[in-house]
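A structural walkthrough
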Amino acid sequence: MKQSQRISSRQVVLGLVGWLVATNLLVWVAHSTGWWSFKVVLFLCLVFLPGVALLRAMRIAFKSALAHLLYSFGLSLVILVLSGLAANQVLHPLGVVRPLELLGVLGA
């Protein structure tokens, strides 16, 4: 592959951080407005971002795009469930009364 076509790890990290920031903003907008179109886009962002980031961090490459899509989806669901459990266990003893509401979830 040519050097000009390669994507550096810095570009990947900036892309994932941008995706995370956009997802957090989308959470706020969807929560404030209640529009279903924002909720659909937010769902898609949430079910793929953690899995894509983890697969990229572990440097796992798949032969097909479908396998990458399915593993990203599955890993994202596992990460979201575990982060919700962790937020519930960690934030409640720290004095947060409702750790799974908007601010607690954004922090997790």
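So, a few notes on the structure that sits alongside this text. (Residues numbered from 1 in each chain as written. Predicted model: local features only at pLDDT ≥ 70, side-chain atom pairs only at ≥ 80, totals over all residues. Heavy atoms only, no water.)

A short note on the packing of aromatic side chains
Defined as follows: Aromatic pairs are defined between Phe, Tyr and Trp rings, using the six-membered ring for Trp, whenever the two ring centres lie within 6.5 Å; interplanar angles under 30 degrees are classed as stacked, those over 60 as edge-to-face, and all others as tilted. Strands are runs of DSSP state E lasting at least two residues, helices are runs of H or I lasting at least four, and both sets are numbered from the N terminus onward.
In total, this model carries three aromatic pairs according to the counting rule given. Plain terms: the ring middles of phenylalanine 48 and phenylalanine 73 are 6.1 Å apart, the flat faces sit at 50° to each other, and that makes the pair tilted. Of the two residues, phenylalanine 48 is situated in helix α2 (residues 36-58) and phenylalanine 73 in helix α3 (residues 65-91); the sequence distance between them amounts to 25 residues. Aromatic side chains phenylalanine 62 and tyrosine 71 sit 4.7 Å apart centroid to centroid with 15° between the ring planes, which places their arrangement in the stacked category.

Side note on the packing of α2 against α3
Any two packed helices are characterised by how steeply their axes cross, that is the angle between the axes, and by the distance between the axes. Which entries qualify depends on this criterion: Helix axes are fitted only over the stretch in contact, all axes being lines through C-alpha atoms; the angle between N-to-C directions runs from 0 to 180 degrees. Each angle receives one of four descriptions, namely roughly parallel if under 35 degrees, roughly antiparallel if over 145, roughly perpendicular if within 65 to 115, and oblique otherwise. A contact between two residues is defined here by any heavy atoms of the two lying within 4.5 Å. Three residue categories are used. Nonpolar comprises Ala, Val, Leu, Ile, Met, Phe, Trp, Tyr, Cys and Pro, charged comprises Asp, Glu, Lys and Arg, and polar comprises the others, including Gly.
Two elements in contact, α2 and α3, have axes whose closest approach is 6 Å; the angle formed by their N-to-C orientations is 105°. In this view, α2 runs roughly perpendicular relative to α3, as classed from their interaxial angle. On α3, the residues that touch Leu46, Val47, Phe48, Leu49, Pro50, Gly51, Val52, Leu54 and Leu55 of α2 are His68, Leu69, Tyr71, Ser72, Phe73, Leu75, Ser76, Leu77, Ile79 and Leu80. For the contact of α2 with α3, a count of residues per class yields 15 nonpolar, four polar and no charged.

Notes on the packing of helix α1 (residues 9-33) against α2
Inclusion rule: Crossing handedness follows the turn of the near helix against the far one: under a right angle anticlockwise gives a left-handed crossing, and clockwise gives a right-handed one.
Across the interface, α1 lies against α2 with an axial gap of 9 Å and an inter-helix angle of 155°. Classified by the angle between their axes, α1 and α2 sit roughly antiparallel to one another. Pair α1 / α2 crosses with left-handed handedness. Side by side, α1 and α2 meet where Val12, Leu16, Trp19, Leu20, Thr23, Leu26, Val27, Val29, Ala30 and Thr33 of the first sit next to Phe38, Lys39, Val41, Leu42, Cys45, Leu46, Phe48, Leu49, Val52, Ala53 and Arg56 of the second. The residue inventory of the contact of α1 with α2, partitioned by class, reads 17 nonpolar, two polar and two charged.

By themselves, these observations are geometric and do not establish any function.
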